[in-house]
Amino acid sequence: MTTTERDVARSTSAADAVLEALRDDPVIASVKDASALGQVLASDRGVVFVLYGSVLDIVEIVDRAKAAGKTVFVDVDLLDGFAAREVVVTWLAEHTRADGVLSTKSNLVRAAKRAGLVAVQRFFLVDSFSYHQLPRVVEQAKPDAIEILPGCMPRVITWLRDDIDVPIIAGGLVCDKADVVAALGAGAVAVASSDRDVWGM
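Residues numbered from 1 in each chain as written. Predicted model: local features only at pLDDT ≥ 70, side-chain atom pairs only at ≥ 80, totals over all residues. Heavy atoms only, no water.

Asker: Whenever I open this one, unusual backbone geometry confuses me. Can you help?
Answerer: Most peptide bonds adopt trans geometry, and most residues besides glycine take a negative phi value. Here the bond from Leu-149 into Pro-150 is cis, since omega is -5°, no more than 30 degrees from zero. Among the structural elements, Pro-150 can be located in the loop between strand E6 (145–149) and helix H7 (154–163). With phi around 55°, Lys-142 is a residue other than glycine that occupies positive phi space. Relative to the helices and strands, Lys-142 is located in the loop between helix H6 (128–141) and E6. (Helix = DSSP H or I, 4+ residues; strand = E, 2+ residues; numbered from the N terminus.)

Asker: Before we go on, may I ask you to explain the pattern of salt bridges in this structure?
Answerer: When their charged atoms lie close together, side chains carrying opposite charge are able to pair. One pass over the structure, following the stated rule, counts 11 salt bridges. For Asp-25, the salt bridge goes to Arg-45, with nearest N and O atoms at 2.6 Å. In this pair, Asp-25 is assigned in the loop between helix H1 (3–24) and strand E1 (27–31) and Arg-45 in the loop between helix H2 (34–41) and strand E2 (47–50), connecting sequence segments 20 residues apart. The residues Asp-25 and Arg-45 share a single accessibility class, namely buried. Taking the shortest distance from any N to any O, the salt bridge between Asp-77 and Lys-105 comes out at 3.8 Å. With Asp-77 in the loop between strand E3 (71–75) and helix H4 (86–95) and Lys-105 in the loop between strand E4 (100–103) and helix H5 (106–114), the pair connects residues that are 28 residues apart, well separated along the chain. Taking relative accessible area as the criterion, Lys-105 reaches 32% and is therefore assigned partly exposed. Members of the salt-bridge network, linked through shared partners, are Asp-75, Arg-122 and Glu-147. (Salt bridge = Lys/Arg side-chain N within 4 Å of Asp/Glu carboxyl O. Buried < 20%, exposed > 50% of the residue type's maximum accessible area, 1.4 Å probe, protein only.)

Asker: Can you walk me through the side chain of Ser-106 in this structure?
Answerer: Of note, Ser-106 is situated in helix H5. Contacts of Ser-106, omitting those with residues within four sequence positions, involve Gln-121, Val-137 and Ala-141. (Contact = heavy atoms within 4.5 Å.)

Asker: Teacher, can you tell me more about helix H8 (residues 177–186) here?
Answerer: Note: α-helices contain 3.6 residues per turn, so residues at a spacing of three or four share the same orientation. Taken together, the buried positions of H8 are occupied by Val-180, Ala-183 and Ala-186. Taken end-on, H8 shows its buried residues confined to a sector of 140°, consistent with a single buried face. Seen from the open side of H8, the exposed residues pointing more than 90 degrees away from its buried face are Lys-177, Ala-178, Val-181 and Gly-185. Residue Asp-176 occupies the N-cap position of H8, its side-chain oxygen lying 3.2 Å from the main-chain nitrogen of Ala-178. Downstream of H8 by a residue or two, Gly-187 has a phi angle that is positive, lying close to 120°. (Arc of directions from axis to C-beta. Polar contact = N/O pair within 3.5 Å; in protein donor to acceptor, adjacent residues only side chain to side chain.)

Spelled out as structure tokens, the structure:
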């Protein structure tokens, strides 16, 4: 087995562990600033999507979350001071304790899997064209899971369950218990929300 094959196998094993954890706790806390991070670290939420940070502080951000026992994903598209290139994913794998990454970019998703990280690909579904492109992109990138935004679209989640064989996370505009219940009932494995009331459910 080559090094790349071992890293992909490690990514798959880690992804299975994350998905198992989400079955027990299907609410993911999306954090956009230090204040939100502080609040979620004191909460019972087990998985955190870090949607902020820079070359100067991402190591510390991830360390704080890991010290609190969280599973941490970093959105590599949103990191200040980094270009959205594969080397950034490699750097995160080597210099932080992040469990995985989020990205809209297929090349970064593939790079994450090669680096042994769990890869979640984000899709903004704004029209039928973006919807119909999604299965092809998933087949090429092979993410461990996808996040669809906005997440308050149970009908679309139901369609996707028939079109792809990848776990779905509903994110964006998930604002209350009804949104969470609807998304999970439609087949999402989890919901990701920056709404602090949702974290407290």
